[in-house]
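Residue strings, one per chain:
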Amino acid sequence: MLGSGALEHYRTMNNLNPLTQTMTEELINPDIRLARTLPSNFYFDERLFESSRRLFNNWQYALHISEFKKENIVPLTHIEEITGEPLFIVKDNSSCLSNVCTHRGMRLVEKPCSKTTLQCPYHGRTFDISGQMKHMPEFEQAIGFPSEEDNLKQHPLHIWKGLYFTSLSHVEKLPWSLVESRLDFLEIESFVHDASRDRDHHIMANWMLYVDNYLEGFHIPFVHPELNQALDYSGYTTELFEGGVLQIGKAASGDVKFDFPKGHPDYGQDIAAYYLWMFPNMMFNFYPWGMSLNIVIPVSSTETRVIYRGYVRDEDLAKAGAGSILDTVEIQDQEIIESVQKSMKSQSYDRGRYSPTREQGVHHFHRMISKRLD
Ligand code: FES
Ligand SMILES: [Fe+2]
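The text that follows walks through the structure, step by step, so that each part is easy to find. (Residues numbered from 1 in each chain as written. Chains lettered and ligands numbered in written order. Predicted model: local features only at pLDDT ≥ 70, side-chain atom pairs only at ≥ 80, totals over all residues. Heavy atoms only, no water.)

## Description of the side chain of E359
Link 1 in the chain: As for its placement among the helices and strands, E359 is situated in the loop between helix 8 (326-343) and helix 9 (360-372).
Link 2 in the chain: No salt bridge is formed by the buried E359; its nearest oppositely charged neighbour, R353, is found at 9.1 Å. (Helix = DSSP H or I, 4+ residues; strand = E, 2+ residues; numbered from the N terminus. Buried < 20%, exposed > 50% of the residue type's maximum accessible area, 1.4 Å probe, protein only. Lys, Arg positive; Asp, Glu negative; His and termini not counted. Salt bridge = Lys/Arg side-chain N within 4 Å of Asp/Glu carboxyl O.)

Put into structure tokens, the structure is as follows:
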């Protein structure tokens with residue numbers, strides 16, 4: 001069973017006798033009414049943290065089409081931070097390329113640029129923008145050169161409505177088709193990146209605590225009084241699907257809401273926000289004004305960076321409603337998460353229980369983690 005590694009590790013950490021628990025038992029019970037949350041050591045154990053890093057080799061958000069601006073080549077620095085892999089993207093290519101020279105490993109692209117040929121700044125090897133090696137000085141006598149290995153390695157690229165994704169292993173499907181009927185009307189490809197909305201947060205907590213917190217609106221009345229005014233908490237819903245979670249925030253009466261076209265699945269309803277999480281670390285927040293994005297970067301078992309980007313559809317709508325107080329909400333969340341992190345090593349706490357009506361998203365995430373970590 002896939003989850004047996006995580007379960008085995010939990011037993012070892014807690015001196016549990018494997019004979020008293022069958023190998024088919026799952027760490028996170030599929031029935032949320034019975035299930036207990038992830039053990040607290042998942043949030044600080046070094047081995048589990050290192051093991052979790054490979055989950056990020058799945059699809060990662062690269063950029064929005066508006067971020068090419070006038071350039072056709074953009075290095076994907078945040079993906080390097082997440083996966084350790086230097087990559088760059090070329091606007092009209094069908095794949096992402098390795099940003100590492102095939103001679104002796106020099107970085108090829110340091111910042112966005114417009115070029116049709118790339119020349120390595122170390123010894124002058126040149127590549128075209130599809131990654132083919134074109135020229136290398138002083139290699140006339142090299143035997144068997146050039147070969148396929150001298151071209152830049154390619155990685156898959158997936159483009160959905162102006163959003164670009166790449167992957168080092170692309171093992172799981174991107175779940176866009178499951179949310180397409182809801183988001184199609186927004187014409188995401190026409191949004192424009194607004195650099196004044198960019199933020200970079202450093203949080204003293206494990207990356208999974210950040211995701212846990214994102215996946216429930218249960219805390220909104222307690223932690224976010226301002227957001228609670230803009231949302232109708234009683235109408236907050238959570239939908240689970242393979243590879244992600246969609247949370248739907250209903251607008252409080254009189255507050256900013258989506259103007260849906262006829263035929264939309266939520267036509268007639270007052271919706272303030274769609275909060276879409278994609279496994280393991282991407283959060284797309286859709287508001288009537290546009291989209292904000294949180295990319296979670298694991299730094300260490302107790303440190304996380306979150307980069308935040310804003311893409312505007314309608315500037316005027318950004319001034320009110322659930323999407324207008326994002327900085328306040330972010331700081332409130334971070335304070336809570338950092339406080340929870342400190343408690344994870346408490347001898348009095350190991351696992352909690354889930355609210356069956358308000359924590360389906362967290363339960364879904366914990367099930368995904370327990371099946372993938374070993
Ligand atoms: S490392 Fe690029 S040419 Fe030598
Ligand atoms: Fe929150």
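## Concerning the coordination of the iron ion (ligand 2)
Angles between donor atoms at a metal ideally measure 109.5 degrees for a four-coordinate tetrahedral arrangement and either 90 or 180 degrees for a six-coordinate octahedral one.
Link 1 in the chain: Protein coordination at the iron ion (ligand 2): the donors are H219 (NE2), H224 (NE2), D333 (OD) and D333 (OD), at 2.0 to 2.6 Å from the metal.
Link 2 in the chain: Relative to the metal, the 4 donor atoms surrounding the iron ion (ligand 2) lie at angles of 55 to 150°, and the coordination shape comes out irregular.
Link 3 in the chain: Mapping the donors of the iron ion (ligand 2) onto the primary sequence gives the spacing H-x4-H-x108-D.
Link 4 in the chain: With relative accessibility at 12%, the residue H219 sits in the buried group. (Donors = N, O, S within 2.8 Å, 3.2 Å for Na, K, Ca; no water. Tetrahedral: all angles 85-135°; square planar, octahedral: opposite > 155°, others 65-115°.)

## Focus on helix 9
Link 1 in the chain: When the terminal C-alpha atoms of helix 9 are compared, their 19 Å separation across 13 residues agrees well with the 18 Å that a helix rising 1.5 Å per residue should span.
Link 2 in the chain: Burial within helix 9 is extensive, with 11 of its 13 residues counted as buried.
Link 3 in the chain: Every buried residue of helix 9 is listed here: G361, V362, H363, H364, F365, H366, R367, M368, I369, S370 and R372. (Expected span 1.5 Å × (residues − 1).)

## Observations concerning unusual backbone geometry
Negative phi is the rule for most residues except glycine; trans is the rule for most peptide bonds.
Link 1 in the chain: Following F145, the chain continues to P146 via a peptide bond in cis, the omega torsion being -5°.
Link 2 in the chain: By the secondary structure assignment, P146 is in the loop between strand 7 (133-135) and strand 8 (154-160).
Link 3 in the chain: In this model, F279 is joined to P280 through a cis peptide bond whose omega is -5°.
Link 4 in the chain: Mapped onto the elements of the fold, P280 is located in the loop between strand 14 (271-278) and strand 15 (282-287).
Link 5 in the chain: Its identity is not glycine, yet E138 carries a phi of approximately 60°, on the positive side.
Link 6 in the chain: Examined against the element boundaries, E138 turns out to sit in the loop between strand 7 and strand 8.
Link 7 in the chain: A relative accessible area of 72% means that E138 is categorised as exposed.

## Here we look at the packing of aromatic side chains
Link 1 in the chain: This structure, assessed with the given rule, holds 20 aromatic pairs.
Link 2 in the chain: Ring plane angle 25° and centroid distance 5.3 Å describe the contact between F258 and Y274, whose orientation is recorded as stacked. Taken together, the residues F258 in the loop between strand 13 (244-250) and strand 14 and Y274 in strand 14 connect sequence positions 16 residues apart.
Link 3 in the chain: Its relative accessible area of 4% is what places F258 among the buried residues.
Link 4 in the chain: Here a set of aromatic residues connected by ring pairs shows up, and it is made of F56, W207, W277, F279 and F365.
Link 5 in the chain: One Lys or Arg, R125, reaches over the ring of F139 and ends 5.4 Å from the middle of that ring.
Link 6 in the chain: Between the NZ or CZ atom of R197 and the centre of the ring of W289, over which it lies, the distance is 4.5 Å. (Phe/Tyr/Trp six-rings, centres within 6.5 Å; stacked < 30°, edge-to-face > 60°. Lys NZ or Arg CZ within 6 Å of the ring centre and 35° of its normal.)

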